[in-house]
Amino acid sequence: MKAQQELYACVAVREFPAQAMLRLRPELRTQPCAILDGAPPLESVLSLNMCAHRIGIAVGMTRVETETFPATLLARSHSEEQNARSALLACAAQFTPRVEECVRGSTYLCVLDIAGTTQLFGPPARLAASLIERLRGVGLSAAVTVAANYHAARSLALARNSGFCVTSTGQERAALASLPLSVLDLSAQQAETFTNWGLHSLGDLAELPEASLVSRMGQGSKRLRQMALGTASHLFVPLEEELALEERIELDTPVELLDSLLFVLRILLEQLIARAADLLVGLASVTITLKLESSGELSRMVRPALPGSDLQLWMKHVQLDLAAHPPQAAILAVAVQAEPGSRGKVQLGLFSPQTPEPERLDVTLARLRALVGEDCVGAPRLNDTHRPGAFQTASFRISTSGEGGPLSAQPRSPWGALRMLRPAEPLSITLHGRTPEAFVFRAARYRVEHAYGPWIASGDWWNPTLWAAQQWDVIARDASGEMLYCCLAFAPIEKTWEMVGLYD
């Protein structure tokens, strides 16, 4: 069996610390921006965007030197760089599970093993263009190169600022010949020696005789020459990344207004939804963590009935939740973590009545919670007790499995229905022994003709909420002769009688 030909695509993101910061600050992308690193007051420029480079800012400048330029200065954020790295690797994972990464100064590199992907994604040029488009969707600008040799693809990517190029198999040496020696990982001594010899490009290095080069510079120079020729071997070690949908931003100035906070959250949610769409999933829940100026944190979770990817609906959920639970201090940083979920559709029956869209229902429920409280909106569920009227409200959940369908017609019961009175209405009652004889209900006096009971129940003897009840089913008649079928309850602990329900 013929061995599969190797094929690699290398992604190079130049000025990665700057791009990681600006991807969540779109308003600064067209302005000069520089990223500072180090302990104050000795910070220096670590990375910068093209606008800052055009006005004369350079890597290594101190804060004092940089402040003389009309540029925005941002402190380096390792957490935002990690989130940008996760977003980049998630885009790469859409094309192959075999991804290897490395960092070269301020340039982030990752190499994809794309051998055998032609049937899925088309020729290498189409794959490279699709990869650049995916990265642009998460706010990163990158260059992509494709070659049959790992080191050739990596060196070619380091020499490009944007776009993509594909090198045919066997043409690696010609493609690498014009590249500077700086694309190789040279030690200071090796770089000085090559400069003294008058070597400036990979083509110059490839022309040297191998035996003479090794005799003068050692075995390490042999591998450098193989890289220049595009023939060096490499043991590919792919990453094993866990799925994590998380974005974090450290605010340049403290935020106090809810509208300003929502503007930041919109950008973070937009990035999370784009990353989830690449994974063909929606957002099942979103957890927002706010770092407050008072050294505290506020964490809120929003979980609708169905996973979704509609940015407007998510923003409405978040707005209603934060309006009901506002932070008590200015906000210094915002972190948003999402739980992925299947974006299945609810399967309705052909003859089922039309119902509101589940996403719209979620927004309506969120508005009701903001008005009446979270514990007062939901689906009623009976408690595991015999206590009359004991129930609780639970969150609505909509099944997307397609099971169930419309309810089948149930046979009508020959018994009358008991309409419960909520709340129960107090009674003035006359007893004959312990049996009801007459009572006053809604300004009318009734005389009991038949009383059945009592039905005795009690529970929770181990809790302070001890309860006991005696119920009577009563047939009574008022002065005009009108019959009343009702249910009376006596609470022995409180010594009170109440009308709890009427029979139809």
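Residues numbered from 1 in each chain as written. Predicted model: local features only at pLDDT ≥ 70, side-chain atom pairs only at ≥ 80, totals over all residues. Heavy atoms only, no water.

Draft legend 1. A look at the packing of helix α11 (residues 210-217) against helix α12 (residues 220-229). Interaxial distance between α11 and α12 falls to 7 Å at its minimum, and their mutual angle equals 140 degrees. Considered as vectors, α11 and α12 are oriented oblique to each other. Along its contact with α11, which presents E210, L213, V214 and M217, the element α12 presents S221, K222 and R225. For the contact of α11 with α12, the class distribution of residues is three nonpolar, one polar and three charged. (Axes fitted to C-alpha atoms, helices over the stretch in contact; angles between N-to-C directions. Helix = DSSP H or I, 4+ residues; strand = E, 2+ residues; numbered from the N terminus. Parallel < 35°, antiparallel > 145°, perpendicular 65-115°, else oblique. Contact = heavy atoms within 4.5 Å. Nonpolar A, V, L, I, M, F, W, Y, C, P; charged D, E, K, R; others polar.)

Draft legend 2. Fine view of the packing of aromatic side chains. In this structure the tally under the stated criterion is eight aromatic pairs. Aromatic side chains Y150 and F236 sit 6.3 Å apart centroid to centroid with 80 degrees between the ring planes, which places their arrangement in the edge-to-face category. Linking Y150 in helix α7 (residues 150-158) with F236 in the loop between α12 and β9 (245-255), this pair joins segments that are 86 residues apart in sequence. Feature note: the residues Y8, Y150 and F236 constitute an aromatic cluster, connected by ring pairs. (Phe/Tyr/Trp six-rings, centres within 6.5 Å; stacked < 30°, edge-to-face > 60°.)

Draft legend 3. Structural view of the sheet that holds strand β1 (residues 8-13). An order of β5-β6-β1-β7-β8 is seen for the five strands of this open sheet, with the pairing classed as mixed. In this open sheet, the two strands that pair with only one neighbour each are β5 (99-104) and β8 (163-166). Neighbour to neighbour, the strand axes of the sheet diverge by 15 degrees on average, direction disregarded. Here β1 runs beside strand β7 (residues 143-147); their pairing, made up of five bridges, is antiparallel. Of the residues in β7, the one forming a bridge with A12 is A143. Sheet contacts for α7: β1, β5, β6 (107-113) and β7; angle to β1, the most-contacted strand, approximately 30 degrees. (Pairing = 2+ DSSP bridges.)

Draft legend 4. The confidence of the model for the protein chain, seen in detail. This prediction gives the protein chain a mean pLDDT of 86; 92% of its residues lie at or above 70. Predicted confidence is poor over residues 400-410, with pLDDT under 50, and the contacts of this stretch with residues over four places away or in other chains come to six contacts. (pLDDT = per-residue confidence, 0-100.)

Draft legend 5. Quick look at helix α4 (residues 78-93). When the terminal C-alpha atoms of α4 are compared, their 22 Å separation across 16 residues agrees well with the 22 Å that a helix rising 1.5 Å per residue should span. Counting buried residues in α4 gives 12 out of 16 residues, a clear majority hidden from the surface. Here α4 has its buried residues at E80, E81, N83, A84, R85, S86, A87, L88, L89, A90, C91 and A92. (Expected span 1.5 Å × (residues − 1). Buried < 20%, exposed > 50% of the residue type's maximum accessible area, 1.4 Å probe, protein only.)

Draft legend 6. Expanded view of the sheet that holds strand β11 (residues 297-302). Read across the open sheet, the four strands follow the order β9-β12-β10-β11; overall the sheet is antiparallel. In the strand order of this sheet, the two ends are held by β9 and β11, each with one partner. Adjacent strand axes in the sheet meet at a mean angle of 15 degrees when their direction is disregarded. Here β9 runs beside strand β12 (residues 331-341); their pairing, made up of seven bridges, is antiparallel. Within the sheet, the bridge partner assigned to E247 lies in β12 and is V336. Against the sheet, helix α13 (residues 258-278) contacts β9, β10 (282-292) and β12, and its axis sits at roughly 160 degrees relative to β9. Along the sheet face, helix α14 (residues 311-324) touches β10 and β11 and points at about 135 degrees away from the line of β11.

Draft legend 7. Inspection of the side chain of R275 at higher detail. The residue R275 is located in helix α13 in this model. Taking the relative accessible area as the measure of exposure, R275 reaches 2% and is therefore buried. Within the structure, R275 has its side chain in polar contact with the backbone oxygen of E246 (distance 3.1 Å). Looking at R275, its side chain comes within polar contact range of the side chain of E247, at 2.9 Å. For R275, the residues in contact, after removing those within four places along its chain, are N83, S86, A87, V138, A244, L245, E246 and E247. (Polar contact = N/O pair within 3.5 Å; in protein donor to acceptor, adjacent residues only side chain to side chain.)

Draft legend 8. Main features of the pattern of salt bridges. On inspection of all chains with the given rule, the structure shows 20 salt bridges. Of the charged contacts, one joins R25 and D252 as a salt bridge, the two residues approaching to 3.7 Å between their closest N and O atoms. You can see R25 sitting in the loop between α1 (16-22) and β2 (33-37) and its partner D252 sitting in strand β9, a full 227 residues away along the chain. Take R25: its relative accessible area is 3%, and that puts it in the buried class. With its nearest N and O atoms 2.7 Å apart, the salt bridge here joins E133 to R136. Of this pair, E133 and R136 both sit in helix α6 (residues 124-137), three residues apart, which is roughly one turn of the helix. Judged by relative accessible area, E133 falls into the partly exposed class, the value being 47%. Through salt bridges that share partners, R23, E247 and R275 make up one connected network. (Salt bridge = Lys/Arg side-chain N within 4 Å of Asp/Glu carboxyl O.)

Draft legend 9. Fine view of the environment of I456. By secondary structure assignment, the location of I456 is in strand β18 (residues 444-459). A relative accessible area of 65% means that I456 is categorised as exposed. I456 sits 137 residues away from Q319 along the chain, and the two C-alpha atoms are 49 Å apart. Apart from residues lying up to four places away in sequence, I456 is in contact with A469 and Q470.

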